[in-house]
Structure formats: C-alpha cells, structure tokens
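Single-letter residue listing:
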Amino acid sequence: MDLEAISLQPNVKAVLLAKLREYKSDLSNLKSEHKRLASANSNQAARDDLLESGMADAMSVSANQRGRLMMSTERLNESSDRIKESRRTMLETEELGVSILQDLHQQRQSLLHANDTVFLLLKVPYRLHLLTGKFEGKDERKRLMRKGGRKNK
C-alpha cells in the first residue's frame, strides 16, 4: 500500500499517506491489545486450570476429612455403647454384691443365734448343778461339745 500511495499524485498522495499512517498505528494498537487480551486469557486459562485442580484437591481433601470424621464418629459411638454396657454390667454386679452381703448378714445372725443357743445349752447343766447340788449333765455336755452343738437327727 505504501508503494501505491507513493506513486500517486502529490495532493492525493499526502492524504493517502496520512490515512495509511493512521491505519498502521490503529493496526499496531489493535495487535498490542490483542496480544494483551490473549495473554490475559491464557493467564486466566492457566489460573482457571490451577483453580480447578486446586478445587479438585480441596474436594478430595474434603472427602478424606469427611471419611475420617465418619470413622471417628463411628468409633465414638462404639465406645459409648461399650461404656453403657459396662455401666449396666457394673450395676448388675453391684446389685448381686448387695444381695450376697445381705445373705451373709442373715447367715451371720443365724450363726450368732446358734452360738448363743449352744452356749446356753452347755451352761444349763452347770446351772442345774448350782441349784440342785448334783452334776448330772457332765456327760451330756461332753457329747454336745464333741458334736459342736449339733442335734441328733
């Protein structure tokens, strides 16, 4: 285009060369703007790629965290169930212990009463001796001592 404009008449040539310079500057401005936008778009595309991969990483991390949280919650629930079962067993054992202690107390009372009864039975012949002056219960007392105060069946 430059060559054609130079070969024309001088009055037209000046107008065409001015327009040609204007068009060239517009063209260079558009090219630089195009480069700038293209690089911005490529940067944006690169940024989007990074963000998408980052989001994918974040999603996988989130999924991993969710999985760990679910496992932890499950273990916590299992532990709570074991604690409840242990508490129930402890209460049953405590009730059984109280029952055994009550039975032992009753047996102790029975043994003490039996001991008192045997002691009184062994002292009766001696007391009779003091009252009557005779000591007839010596053999009976020995027999009771050998049997430990048990009666014959």
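Residues numbered from 1 in each chain as written. Predicted model: local features only at pLDDT ≥ 70, side-chain atom pairs only at ≥ 80, totals over all residues. Heavy atoms only, no water.

### Here we look at the overall build of the chain
Within the chain one finds three helices and zero strands. Counting every position in the chain, which comprises 153 residues, the buried fraction comes to 4%. (Helix = DSSP H or I, 4+ residues; strand = E, 2+ residues; numbered from the N terminus. Buried < 20%, exposed > 50% of the residue type's maximum accessible area, 1.4 Å probe, protein only.)

### Some thoughts on the pattern of salt bridges
Across all of its chains, the model carries two salt bridges by this definition. Here R88 ties to E92 by a salt bridge, and the two come within 2.4 Å at their closest N and O atoms. Here the residue R88 and the residue E92 both occupy positions in helix α2 (residues 10–132), the gap between them amounting to four residues, near one helical turn. You can call E92 partly exposed: its relative accessible area is 42%. Salt bridges sharing partners connect three or more residues here, namely E85, R88 and E92. (Salt bridge = Lys/Arg side-chain N within 4 Å of Asp/Glu carboxyl O.)

### Concerning a nonpolar patch on the surface
On the surface, a cluster of nonpolar side chains totalling about 390 Å² of accessible area is made up of L96, I100, L101 and L104. On the secondary structure map, I100 appears in helix α2. (Patch = residues over 30% accessible without salt bridge, like charges linked within 9 Å, V, L, I, M, F, W, Y side chains within 5 Å. Areas by Shrake-Rupley, 256 points an atom, 1.4 Å probe, with all protein chains shown as cover.)

### What to know about the confidence of the model for the chain
For the chain, per-residue confidence averages 77 on the pLDDT scale, and residues scoring 70 or more make up 65% of the total. When mean pLDDT is compared element by element in the chain, α2 scores highest at 81, while helix α3 (residues 138–147) scores lowest at 60. (pLDDT = per-residue confidence, 0-100.)

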